[in-house]
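Per-entry structural report
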Amino acid sequence: SPVQFSPDGNRIVTGDQMWDAQTGQPLAFIIGRYGTTAEFSPDGKHILTAAWDNTARVWDAQTGELMAQPLNHNNNVSSAHFSLDGQRIVTASQDYTTRVWDTETGSPMSEPLTSGEDVSSAFFSPDGNKVITASFGAGVRMWDIGPLRDPLPEWFHKFVEALSGQLFSKAGVL
């Protein structure tokens, strides 16, 4: 079962619960189930879990509430990790893909990185411009993802539509 201390050392997260690190007492909420990943964001505000239900999820570390839509794959999620700045998440899956997500919105920030093999783990480089993956049977691979731009805020499309008098298509084109 995955386990990690919070950055301040006061809490511990496991695959299915958060604990008080001083007393060993469980805290009031369960945040995941039978997971492959349970980790705090670098600032301690979020918890990331990944599980065999084909999803990773981001939780509020204080309330235990789900913060964004589930990060979906088409097969088991083998691992999930925050970038060093906590703004992005990388997930590895047995659907042969690695995905990069926005932490706050849960939106994909790139096309899937496809390896042709079950991906067992994925991590960001310190500068966030590369992802390294390990695949079952295919070894280690480095992906140059470059600096990913932040997704546009939700209000931006409505603002542009109001100014232009035109509507965005589902593809995001006027």
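Residues numbered from 1 in each chain as written. Predicted model: local features only at pLDDT ≥ 70, side-chain atom pairs only at ≥ 80, totals over all residues. Heavy atoms only, no water.

1. Brief notes about the sheet that holds strand β6 (residues 55-60)
- Strand order in the open sheet formed by four strands is β4-β5-β6-β7, and the pairing between neighbours is antiparallel. One side of each edge strand has no neighbouring strand; the edge strands of this open sheet are β4 (35-40) and β7 (71-72).
- With five bridges joining them, strand β5 (residues 46-51) and β6 adopt antiparallel strand pairing. If you follow Ala-50 over to β6, its bridge partner there is Ala-56. (Pairing = 2+ DSSP bridges. Helix = DSSP H or I, 4+ residues; strand = E, 2+ residues; numbered from the N terminus.)

2. So, a nonpolar patch on the surface
- Residues Phe-123, Ile-132, Val-140 and Met-142 make up a contiguous nonpolar surface patch of about 390 Å² in total accessible area.
- Examined against the element boundaries, Phe-123 turns out to sit in strand β12 (residues 119-124).
- Owing to a relative accessible area of 39%, Phe-123 belongs among the partly exposed residues under this scheme. (Patch = residues over 30% accessible without salt bridge, like charges linked within 9 Å, V, L, I, M, F, W, Y side chains within 5 Å. Areas by Shrake-Rupley, 256 points an atom, 1.4 Å probe, with all protein chains shown as cover. Salt bridge = Lys/Arg side-chain N within 4 Å of Asp/Glu carboxyl O. Buried < 20%, exposed > 50% of the residue type's maximum accessible area, 1.4 Å probe, protein only.)

3. Description of the sheet that holds strand β9 (residues 88-93)
- Strand order in this open sheet of four strands is β8-β9-β10-β11, and the pairing throughout is antiparallel. For this open sheet the edge positions go to β8 (77-82) and β11 (113-114), each flanked by a neighbour on one side alone.
- With five bridges joining them, β8 and β9 adopt antiparallel strand pairing. When the bridges of β9 are listed, Ala-80 appears paired with Thr-91.

4. Here we look at the nonpolar core
- Membership of the largest hydrophobic core is limited to 11 residues, which are Val-90, Ala-92, Val-100, Met-109, Leu-113, Val-119, Ala-122, Phe-124, Val-131, Trp-143 and Ile-145.
- The set of elements that each furnish at least two residues to this core consists of β9 and β12.
- In terms of residue count, the dominant contributor to this core is β12 (three residues).
- Setting aside residues up to four positions removed in sequence, Val-119 forms contacts with Ser-78, Ala-92, Ser-93, Gln-94, Tyr-96, Thr-97, Thr-98, Thr-133, Ala-134, Ser-135 and Phe-136. (Core = buried A, V, L, I, M, F, W, Y, C linked by side-chain atoms within 4.5 Å. Contact = heavy atoms within 4.5 Å.)

5. Describing the side chain of Thr-133
- Position of Thr-133 among the secondary structure elements: in strand β13 (residues 130-135).
- Of note is the side chain of Thr-133, whose polar atom sits 3.0 Å from the side chain of Trp-143.
- Those residues in contact with Thr-133 that lie beyond four places of it in its chain are Thr-98, Val-119, Ser-121, Ala-122, Gly-139, Val-140, Arg-141 and Trp-143. (Polar contact = N/O pair within 3.5 Å; in protein donor to acceptor, adjacent residues only side chain to side chain.)

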